[in-house]
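Notes for the structure review
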Amino acid sequence: MTLLLGLAGLSIDIGRMYVIRAELQSFTDAAALSAAVELDGTDGGLARARTGAARFANGPHAMRWDMGTQAITNIATSFSIDQTSWQEKPRQSSDCRFVRVAASVPAPVIFLRIFQPLSSATVAAASVATKTAQSVRLIQ
Amino acid sequence: MRRPGSQPLAHARGSVCARGTAGSALIEFAGSLILLAVMFAGIFEIGYSFYTYGTLVTAVRAGARYAALQPRGAGGDPAVAPAIADAVRNLVVYGDPAPTDRTKPVVPGLTTDHVELITSQDASTVSLHGFEVDALFMKVKLDGRPTVTFPVTAGGPQ
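Counting its secondary structure elements, chain A contains two helices and six strands. Along chain A, from the amino end to the carboxyl end, the secondary structure elements read α-α-β-β-β-β-β-β. Expressed along its principal axes, the backbone C-alpha trace of chain A runs to roughly 60 × 35 × 25 Å. Within chain A, the proportion of its 140 residues that are buried is 39%.

Quick look at the structure:
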């Protein structure tokens, strides 16, 4: 009986995490595109990209998590020249063509506490977008 | 002589005892069955709500992305053409901008009236309004969620 309840509870906790992940992935996709639009090879472009990444987490049409109830606050934007090393504040802004937006939230857990003394588990999603001469595209 | 005399007594005792055990087992079974049924129904409800919400997030995301790629009206008008707005709603509800089969929405009960599309010059927002996820015993009312906004990225398809 305990085992049955534990398993059922696990599926609820994990199901909830998958929903949260889907919400975060939608957000990071939009945020990465929004940031990539601003990339123009200048420091000002990088600053606008950071603002652009966060703009869909605020305002009247903000994207949210936990079935659309919680605001997304932990957003990390990093840039890259070649997609191998990522820097939040790159020194050579002129060559940065890739932008990566990652968002993570502490997903509350109810039943997983049976196995681990934790009250939340980190759920994260990330997207990479690039700007080329012709278009702005999502890569991952 | 002892055996035949004691047999009926032993038999009677045994049958009373067996009948009593059978009754309490039945009551226990019925009690636990009700408890189990309620628990499984609850688990099903929550699981189904999560599953449905996940499907809706994906559908709304697809609609917002599609809308962001469509041309806006001429002269700074942020609205898209009515036909495009209909295509966005169809994409959210049926998974296809021009559906041939309008009987199977991605989630039962979802109609194009539930889908709200807001477009501006630089973004498209799709959200659901007034839709209720019909789980077994409860209804989860979704007003304004899920909401997904996608930026307009100038320069052709992505």
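That shown, we press on.
Now for the nonpolar core. Counting 66 residues, the largest nonpolar core has A:Phe27, A:Ala32, A:Ala35, A:Ala36, A:Val99, B:Val60 and B:Val92 as the members making the most contacts within it. Top element by residues in this core is helix α1 (residues 2–38) of chain A. It accounts for 12 residues. Setting aside chain neighbours within four positions, we find B:Val92 in contact with B:Ala59, B:Val60, B:Ala62, B:Gly63, B:Val115 and B:Val126.

Attention now moves to the interface of chain B and chain A. The interface is formed by 22 residues belonging to chain B together with 25 residues belonging to chain A. Mapped onto the side of chain B that touches chain A, the elements with two or more residues apiece are α1 (2–68) and β5 (147–151) of chain B. The dominant element in the side of chain B that touches chain A, judged by the number of residues it contributes, is α1(B), at nine residues. The residue inventory of the side of chain B that touches chain A, partitioned by class, reads 10 nonpolar, 10 polar and two charged.

So, on to the packing of α1(A) against helix α2 (residues 43–54) of chain A. The angle between the axes and the distance between the axes are what describe a pair of packed helices. Residues and elements named next belong to chain A. It is the contact of α1 with α2, at a shortest axis distance of 7 Å, that shows an interaxial angle of 160°. One way to sum up the angle between α1 and α2 is to call them roughly antiparallel. Crossing of α1 against α2: the hand is right-handed. Of the residues in α2, those touching α1 at Ala31, Ser34, Ala35, Val37 and Glu38 are Gly45, Arg48, Ala49, Gly52 and Ala53. For the contact of α1 with α2, a count of residues per class yields five nonpolar, three polar and two charged.

Let's shift gears to α2(A). All names here are of chain A. Under the 1.5 Å per step criterion, the end-to-end length of α2 is 17 Å for 12 residues, consistent within 8% with the ideal 16 Å. Regarding α2, the residues found buried are Gly45, Leu46, Ala49, Arg50, Gly52 and Ala53. Each buried residue of α2 lies within a common arc of 165° when the element is viewed along its axis, so the set occupies one face. In α2, the exposed positions angled more than 90 degrees off the buried face are occupied by Asp43, Gly44 and Ala47.

Turning next to the pairing of strand β5 (residues 120–131) of chain A. All names here are of chain A. In this structure, strand β4 (residues 98–108) lies alongside β5, joined through 11 bridges in antiparallel fashion. If you follow Val105 over to β5, its bridge partner there is Val123. Relative to strand β6 (residues 136–138), β5 runs antiparallel, the two sharing three bridges. Looking across to β6, one finds that Ala129 is bridged to Leu138. Linking two consecutive strands that pair antiparallel, namely β5 and β6, is a turn of four residues.

Moving on to helix α2 (residues 82–94) of chain B. Taking 1.5 Å per residue, 13 residues should reach 18 Å; α2(B) reaches 18 Å between its end C-alpha atoms and fits that length. With its phi angle positive at about 75°, B:Gly95 sits one or two positions after the end of α2(B).

Bringing the environment of A:Asp13 into the picture now. All names here are of chain A. The topology assignment puts Asp13 in helix α1. By C-beta crowding, Asp13 is classed as partly exposed, having 16 other C-beta atoms within 10 Å. Spatially, the C-alpha atom of Asp13 lies 8.2 Å from that of Pro108, the residues being 95 residues apart in sequence. Contacts of Asp13, omitting those with residues within four sequence positions, involve Val109, Ile110, Phe111 and Leu112.

Two pairing modes exist for strands in a sheet, parallel and antiparallel, and in both the strands are linked by backbone hydrogen bonds. Residues and elements named next belong to chain A. In space, the four strands of this open sheet follow the order β3-β4-β5-β6, with antiparallel pairing throughout. On the outer flanks of this sheet lie β3 (75–80) and β6, each paired with one strand and no other. Within this sheet the neighbouring strands show an average axis-to-axis angle of 25°, counted without direction. Here α1 sits on the sheet in contact with β3, β4, β5 and β6, set at roughly 30° to β5.

This paragraph deals with the sheet that holds strand β1 (residues 115–119) of chain B. Residue and element names in this part refer to chain B. Ordered by their spatial adjacency, three strands build an open sheet running β1-β2-β5, and the pairing between neighbours is antiparallel. The open sheet has two edge strands, β1 and β5, and neither has a second partner. Averaged over all pairs of adjacent strands, the angle between strand axes in this sheet comes to 15°, irrespective of strand direction. Looking at chain direction, β1 and strand β2 (residues 123–128) are connected through five bridges and run antiparallel. Residue pairing for β2: Thr119 is matched across the bridge by Ser124. Against the sheet, α2 makes contact with β1 and β2, and its axis sits at roughly 135° relative to β1, the strand it touches most.

Parameters and conventions
Residues numbered from 1 in each chain as written. Chains lettered and ligands numbered in written order. Predicted model: local features only at pLDDT ≥ 70, side-chain atom pairs only at ≥ 80, totals over all residues. Helix = DSSP H or I, 4+ residues; strand = E, 2+ residues; numbered from the N terminus. Buried ≥ 20, exposed ≤ 12 C-beta atoms within 10 Å, placed from the backbone. Core = buried A, V, L, I, M, F, W, Y, C linked by C-beta atoms within 7 Å. Contact = placed C-beta atoms within 7 Å. Nonpolar A, V, L, I, M, F, W, Y, C, P; charged D, E, K, R; others polar. Axes fitted to C-alpha atoms, helices over the stretch in contact; angles between N-to-C directions. Parallel < 35°, antiparallel > 145°, perpendicular 65-115°, else oblique. Left-handed = near helix turned anticlockwise from the far one by under 90°. Expected span 1.5 Å × (residues − 1). Arc of directions from axis to C-beta. Pairing = 2+ DSSP bridges.

So, to be careful, I would describe these as geometric facts and stop short of saying anything about function.
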